[in-house]
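Notes for the structure review
Chain residues, written in single-letter form:
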Amino acid sequence: MLMPKRVKYRKPFRRPLRGITKGGGTVSFGDYGLQALECGWITARQIEATRVAISRKMRKGGKIWIRIFPDRPFTKKPLETRMGKGKGNPEFWVAPVKRGRIMFEVAGVPKEVVERAFTTAAHKLPIKVRLVSREGFGGD
């Protein structure tokens, strides 16, 4: 599971996620990318499930780049706990993703295989996504 080795603050504020991404909006490493169409928090488990789904559909060919990293702790209070008494403990790690962010990239496989792989990967994610390709490369 992805998580940072250490963080500056154990329980940071939860900033509102809105607007478009500041960076990471273009396909940089591979030929095709999976782009977020909504803002949302992607958990480390969802990233891993998506990675496994993409690599299974691609079989042994191609290379995968993961362009997001879960570096923010998500805190929760225990069930059936009364209000107050401070903030809950960190439960899992999330990657904040804004609209337009390229989350995964692949290279070295045909477009039909990439479409199948990214369709399966889209089912593992809680936000809407689309397939994009590098400028000047065949496709979208």
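Refer to the preceding data block for the structure.
These lines cover the structure that appears in this document, whether it is placed above or below. (Residues numbered from 1 in each chain as written. Predicted model: local features only at pLDDT ≥ 70, side-chain atom pairs only at ≥ 80, totals over all residues. Heavy atoms only, no water.)

**Side note on the overall build of the protein**
- Helix and strand counts for the protein come out as 2 helices and 7 strands.
- Its helices and strands in sequence order give the protein the pattern β-β-α-β-β-β-β-α-β, from N to C terminus.
- By principal-axis analysis of the C-alpha atoms, the protein measures approximately 55 × 30 × 25 Å.
- Each of the 140 residues in the protein was classed as buried or not, and the buried ones make up 36%.
- Contacts spanning at least 24 positions in sequence make up 80% of the contacts within the protein whose residues lie at least 6 apart.
- Counting every atom, the protein has about 9400 Å² of accessible surface; 52% of that belongs to carbon and sulfur.
- When the 32 positive and 11 negative side-chain charges of the protein are each reduced to one mean point, those points stand 10 Å apart. (Helix = DSSP H or I, 4+ residues; strand = E, 2+ residues; numbered from the N terminus. Buried < 20%, exposed > 50% of the residue type's maximum accessible area, 1.4 Å probe, protein only. Contact = heavy atoms within 4.5 Å. Areas by Shrake-Rupley, 256 points an atom, 1.4 Å probe, with all protein chains shown as cover. Lys, Arg positive; Asp, Glu negative; His and termini not counted. Charge placed at Lys NZ, Arg CZ, Asp CG, Glu CD.)

**A closer look at unusual backbone geometry**
- Positive phi, close to 55 degrees, is recorded for Glu80, a residue that is not glycine.
- The class for Glu80 is exposed, based on a relative accessible area of 87%.
- Notably, Lys85 is not glycine yet its phi reads approximately 60 degrees, a positive angle.
- Among the secondary structure elements, Lys85 is positioned in the loop between strand E4 (72-76) and strand E5 (89-97).

**Considering the nonpolar core**
- In this structure, Ile42, Ile54, Met103 and Phe118 are the most contacted members of the largest nonpolar core, which totals 23 residues.
- Only strand E1 (32-36), helix H1 (44-58), E5, strand E6 (102-107), helix H2 (111-122) and strand E7 (129-133) provide two or more residues apiece to this core.
- Looking at this core, the element that brings in the most residues is H2, giving 5 residues.
- Those residues in contact with Met103 that lie beyond four places of it in its chain are Leu34, Ala36, Ile42, Trp65, Ile66, Arg67, Ile68, Val97, Leu125, Ile127 and Val129. (Core = buried A, V, L, I, M, F, W, Y, C linked by side-chain atoms within 4.5 Å.)

**Digging into the packing of aromatic side chains**
- Applying the stated criterion across every chain, the model contains 3 aromatic pairs.
- Taking 6.1 Å as the distance between ring centres and 20 degrees as the angle between the ring planes, the aromatic pair formed by Phe29 and Trp65 counts as stacked. Taken as a pair, Phe29 in the segment before E1 and Trp65 in strand E3 (residues 63-66) lie far apart in primary sequence, 36 residues in all.
- A residue is classified by how much of its surface remains accessible, and Trp65, at 22% relative accessible area, is partly exposed.
- Summarising the aromatic geometry, the rings of Trp41 and Phe74 are spaced 5.8 Å apart at their centres and angled 75 degrees between planes, so their arrangement reads as edge-to-face. Here the residue Trp41 occupies a position in strand E2 (residues 40-43), and Phe74 occupies one in strand E4, the gap between them amounting to 33 residues.
- For Trp41, a relative accessible area of 31% translates into the label partly exposed.
- The exposure class assigned to Phe74 is buried, which follows from its relative accessible area of 15%.
- A cation over an aromatic ring shows up here: Arg14 above the ring of Phe74, its NZ or CZ 3.9 Å from the ring centre. (Phe/Tyr/Trp six-rings, centres within 6.5 Å; stacked < 30°, edge-to-face > 60°. Lys NZ or Arg CZ within 6 Å of the ring centre and 35° of its normal.)

**Points about the side chain of Thr50**
- Mapped onto the fold, Thr50 is located in helix H1.
- Among the polar contacts listed, one links the side chain of Thr50 to the backbone oxygen of Gln46, at a separation of 2.7 Å.
- Once you skip the residues sitting within four places of it in the chain, Thr50 turns out to touch Phe104, Ala121, Lys124 and Leu125. (Polar contact = N/O pair within 3.5 Å; in protein donor to acceptor, adjacent residues only side chain to side chain.)

**Side note on the environment of Tyr32**
- Tracing the backbone through its elements, the reader meets Tyr32 in strand E1.
- What makes Tyr32 buried here is its relative accessible area of 6%.
- In this structure the C-alpha to C-alpha distance between Tyr32 and Arg14, which are 18 residues apart in sequence, comes to 31 Å.

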